[in-house]
Amino acid sequence: MNILLIGSGGREHALAWKLASSPLCSRLIAAPGNPGIAEHAECVSVQADDVEGLVALAQDRKIDFVVPGPEVPLVLGLADRLRAIGIPVFGPSQAAARLEGSKGFMKDLCAKYDIPTAAYARFTDVAKARAFIEKTGAPIVVKADGLAAGKGVVVAQSVEEACQAADSMLSAPGASIVVEQFLDGEEVSYFALTDGRTVLPFASAQDHKRVFDGDEGPNTGGMGAYSPAHLMTPYLEAKILERIVWPTVDAMAAEGCPFSGVLYAGVMVCNGEPYLLEYNVRFGDPECQPIMMRLDSDIVPVLLASAQGRLAEVKPSDLVWSYDPALCVVMAAKGYPGSYVRGGKITGIDAAQALSGVRVFHAGTARGADGALIAHGGRVLGGSARGETIARAQSRAYEAVDTIVWADGFCRRDIGWRAVAEQRDRAAARSGRGGA
Ligand code: AMP
Ligand code: GLY
């Protein structure tokens, strides 16, 4: 089967590595890919937002199956275009991609179908938004209604900060915002595959969105992640599936825009109860990196079953997960998520990958004129590792990151800290009991 993978980040490198290992994949083409992806695929320079170019590429190269990594082509309607010419694609139609593309659409759907989420109101008018914020008080959350690459959300600690965010987000013509209740809890990322009718529970992860250790500093696309999330008990997973994922899949079908692909629910867990913070219509990055490292079975049959409406034929036992958790540490360019320099040389990746249980995924790299690997983005590499325990996966991922030589890079030093602390507490409780 000829497979076309779209995108160029760490998520796509992890997907490329997994797709290329499938016996069903005879040829993998990536558009546009990156130097890491080039180790598993032929990279073609068509950008992820170039819908016309991607459709032409799929036809030209006789592609049998398309796997988009990022949301942008889906929100632009790529899946509709490919389906119209008979090419299966793993991902939602343009109408269904509104779950990620429009916060207002997502919130209205939750309200209509009783899906637990933060209370909210939508505004296009600054004065009305200000009046609502003043009446509600802080903390309060202000969100731009549209794709904003993780930068369209302000969790405001004061009424003034929230009003300023509303002012600035509504300053663009035609802009609209969602103002919502602040939820105090712990976040998890939950991933389910669906074909619009059936749901296949997939995986959980915990992302680290703030740029600095201890969850300080501005939000980023994600500075590291591990899987499974330490909070994710079978009971919590069942609640997320029953109250959030299944009702959404049914609601989208009832609204005439069935959702297929991966439904990524950003969930806030408050006193053991899950509330939907946001939906994404694609895998998370970096979450996809540890998730792919944990998946021991072939990914192609399940993604294809979702694309072809055959998910009911897939048994949960067709997904084989490692018992070992996995963890990914993102190496970013100093200055990220603000401005940063590009072009710095990177070495040591082979040495890092020679470490047991380690893979290094490329997120923002390029080849310099001399062929040397250079930094070419904000998030540049993902040092990912599996381990028998989360602490072991963490120490291996940091060993990998510390083996890589890149003067302009930095990383958080505490990825997975909640899970590692919980593991330590459990071990202490056991040894306490043993000693008594
Ligand atoms: P979103 O893009 O909607 O997931 O928001 C980005 C981040 O803002 C989330 O990962 C949360 O950390 C935070 N956030 C969003 N909505 C809320 C909320 N209602 N209460 C508390 N934090 C939130
Ligand atoms: N890691 C967050 C995201 O992919 O949206």
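Right, let's walk through the structure included here.

Reading the values: rules and limits
Residues numbered from 1 in each chain as written. Chains lettered and ligands numbered in written order. Predicted model: local features only at pLDDT ≥ 70, side-chain atom pairs only at ≥ 80, totals over all residues. Heavy atoms only, no water. Core = buried A, V, L, I, M, F, W, Y, C linked by side-chain atoms within 4.5 Å. Buried < 20%, exposed > 50% of the residue type's maximum accessible area, 1.4 Å probe, protein only. Helix = DSSP H or I, 4+ residues; strand = E, 2+ residues; numbered from the N terminus. Contact = heavy atoms within 4.5 Å. Phe/Tyr/Trp six-rings, centres within 6.5 Å; stacked < 30°, edge-to-face > 60°.

## Regarding the nonpolar core
L4, L99 and V245 are the most contacted members of the largest nonpolar core, which has 51 residues in total. For this core, the element with the highest residue contribution is helix α9 (residues 234–254), accounting for 8 residues. If near-sequence neighbours (up to four positions away) are discounted, V245 is found in contact with Y190, A192, V199, I240, L263 and Y279. Judged by nonpolar contacts, the second largest core, of 40 residues, contains L15, I37, F191 and L319.

## Comments concerning the environment of H376
Here H376 shows up in the loop between β19 (373–375) and β20 (379–386). A C-alpha to C-alpha distance of 5.7 Å links H376 and A366, two positions 10 residues apart in sequence. Sequence-distant contacts of H376, defined by excluding residues within four places in its chain, comprise R342, G364, T365 and A366.

## Quick notes on the packing of aromatic side chains
All chains considered together, the criterion is met by 7 aromatic pairs. On the basis of an interplanar angle of 75° and a centroid distance of 5.0 Å, the ring pair of F202 and W321 is categorised as edge-to-face. Of this pair, F202 sits in strand β10 (residues 199–207) while W321 sits in the loop between α11 (300–307) and β16 (326–333), and the two are 119 residues apart along the sequence. Assessed through its relative accessible area of 5%, F202 is described here as buried. Taken together, the ring pairs connect F90, F191, F202, Y264, F283 and W321 into an aromatic cluster.

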